[in-house]
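# Understanding the architecture of this molecule
Here is how the chains run, residue by residue.
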Amino acid sequence: MRGRMVGAGVTLLLVTGCGGEAEPVAVPPPAPVTVDLAAASSGGACRLLDFGVIEQHAGVRFDVAAASATGDSHTCVVRAGREALPELTLTVTRTSIDAATFTADVVPEKAAKVTGLGQRAYRRTTSAKGTLGPVAEVGWLAAEGRLATLRYAAARDADKAEAEKLTTGLVALAQGLDTRAI
């Protein structure tokens, strides 16, 4: 009798669906993965820039880069996320001008001379204007016929004295750029 009961139990289990498909179990979605891309991944003039090196010299962490080119001019703009300011712009243009022409025609009025950067170089700071804060700029006539500028546009509420201090960091950043790669 005992054997019949065990047999009946096994038969009952098989008939009631013990061997059927299990209900799906909800699994939480995986956490999003954040990938830090280098500025260079944007191509163009951005190939010359590195977010970590910019932060080291400018004191600001940027994480978005965009490149463009028009004729012989190549530009890279870097920003922090979706914020419009601050932004750093690098422009490299092929040129045939010489050092004397650069000094006479390119260097802005009231710009300070910079030594140790390219054939000739300058730096300047401008006051806040409109929606822009102060601007720190370094321009130079680089090797092999390249005209380059690094321009840092600060937020509207930034102090001009801080932008002036930043030009030293921009000069150091510019000294590490090989514009011949463009």
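None of the values given here were measured: they were computed from a predicted structure.

## Notes on the overall build of the chain
Regarding its fold elements, the chain presents four helices and seven strands. From first element to last, N terminus to C terminus, the chain shows the α and β order α-α-β-β-β-α-β-β-β-β-α. Burial analysis of the chain (182 residues in total) assigns 32% to the buried set. A separation threshold of at least 6 residues defines the contact pool for the chain, and within that pool the share at least 24 residues apart is 49%. Counting only carbon and sulfur atoms, one obtains 54% of the accessible surface of the chain, whose full area is about 11,300 Å².

## Describing the state of the cysteines
Formally, a disulfide is one covalent bond, and it connects the sulfur atom of one cysteine to the sulfur atom of another. In this structure the tally under the stated criterion is one disulfide. What pairs with Cys46 in a disulfide is Cys76, and their sulfur atoms sit 2.0 Å apart. Handedness of the Cys46-Cys76 disulfide follows from its S-S torsion of about 95 degrees: it is right-handed. You can see Cys46 sitting in the loop between helix 1 (2-16) and helix 2 (51-58) and its partner Cys76 sitting in strand 2 (residues 73-79), a full 30 residues away along the chain.

## Some thoughts on the side chain of Thr125
Tracing the backbone through its elements, the reader meets Thr125 in strand 5 (residues 120-126). Judged by relative accessible area, which is 13%, Thr125 ranks as buried. Residue contacts for Thr125: discarding those within four places in its chain leaves Val135, Lys160, Ala163, Glu164 and Thr167.

## Regarding the confidence of the model for the chain
Confidence along the chain averages 88 in pLDDT terms, with 86% of residues attaining 70 or more. Mean pLDDT values for the elements of the chain range from 51 in helix 1 up to 98 in strand 7 (residues 146-153).

## Overview of the pairing of strand 1 (residues 64-70)
One face of the sheet, then the other: side chains in a regular strand alternate in exactly this way. Across seven bridges, strand 1 lies against strand 2 in antiparallel orientation. Counterpart to Ala65 in the pairing with strand 2 is Val78. Remark: two residues form the turn of the hairpin made by strand 1 and strand 2, two consecutive strands paired antiparallel; Gly71 in that turn has positive phi of roughly 60 degrees.

## A look at the nonpolar core
Counting 35 residues, the largest nonpolar core has Val78, Leu88, Leu90, Trp140 and Tyr152 as the members making the most contacts within it. Residue contributions to this core peak at six residues, all from helix 4 (residues 160-175). Apart from the residues within four sequence positions on either side, Val78 is in contact with Leu49, Phe51, Ile54, Phe62, Val64, Ala65, Pro86, Glu87 and Leu88.

## Here's the deal with the sheet that holds strand 5
With antiparallel pairing, the seven strands of this open sheet are ordered in space as 1-2-3-7-6-5-4. Each edge of the open sheet carries a strand with a single partner, namely strand 1 and strand 4 (112-113). Looking at chain direction, strand 4 and strand 5 are connected through two bridges and run antiparallel. The residue bridging Ala112 from the neighbouring strand is Arg123, located in strand 5. Those strands touched by helix 3 (residues 99-106) are strand 5, strand 6 (135-142) and strand 7, and its axis lies near 15 degrees from that of strand 5.

## Things to note about the packing of helix 2 against helix 4
Where helix 2 meets helix 4, the closest approach of the two axes is 8 Å, and the angle between their N-to-C directions is 145 degrees. Contact residues: helix 2 offers Val53, Ile54, His57 and Ala58, while helix 4 offers Leu166, Gly169, Ala172 and Leu173. Among the residues forming the contact of helix 2 with helix 4, the class breakdown is six nonpolar, two polar and no charged.

Definitions and cut-offs
- Residues numbered from 1 in each chain as written.
- Predicted model: local features only at pLDDT ≥ 70, side-chain atom pairs only at ≥ 80, totals over all residues.
- Heavy atoms only, no water.
- Helix = DSSP H or I, 4+ residues; strand = E, 2+ residues; numbered from the N terminus.
- Buried < 20%, exposed > 50% of the residue type's maximum accessible area, 1.4 Å probe, protein only.
- Contact = heavy atoms within 4.5 Å.
- Areas by Shrake-Rupley, 256 points an atom, 1.4 Å probe, with all protein chains shown as cover.
- Disulfide = S-S within 2.5 Å.
- pLDDT = per-residue confidence, 0-100.
- Pairing = 2+ DSSP bridges.
- Core = buried A, V, L, I, M, F, W, Y, C linked by side-chain atoms within 4.5 Å.
- Axes fitted to C-alpha atoms, helices over the stretch in contact; angles between N-to-C directions.
- Nonpolar A, V, L, I, M, F, W, Y, C, P; charged D, E, K, R; others polar.

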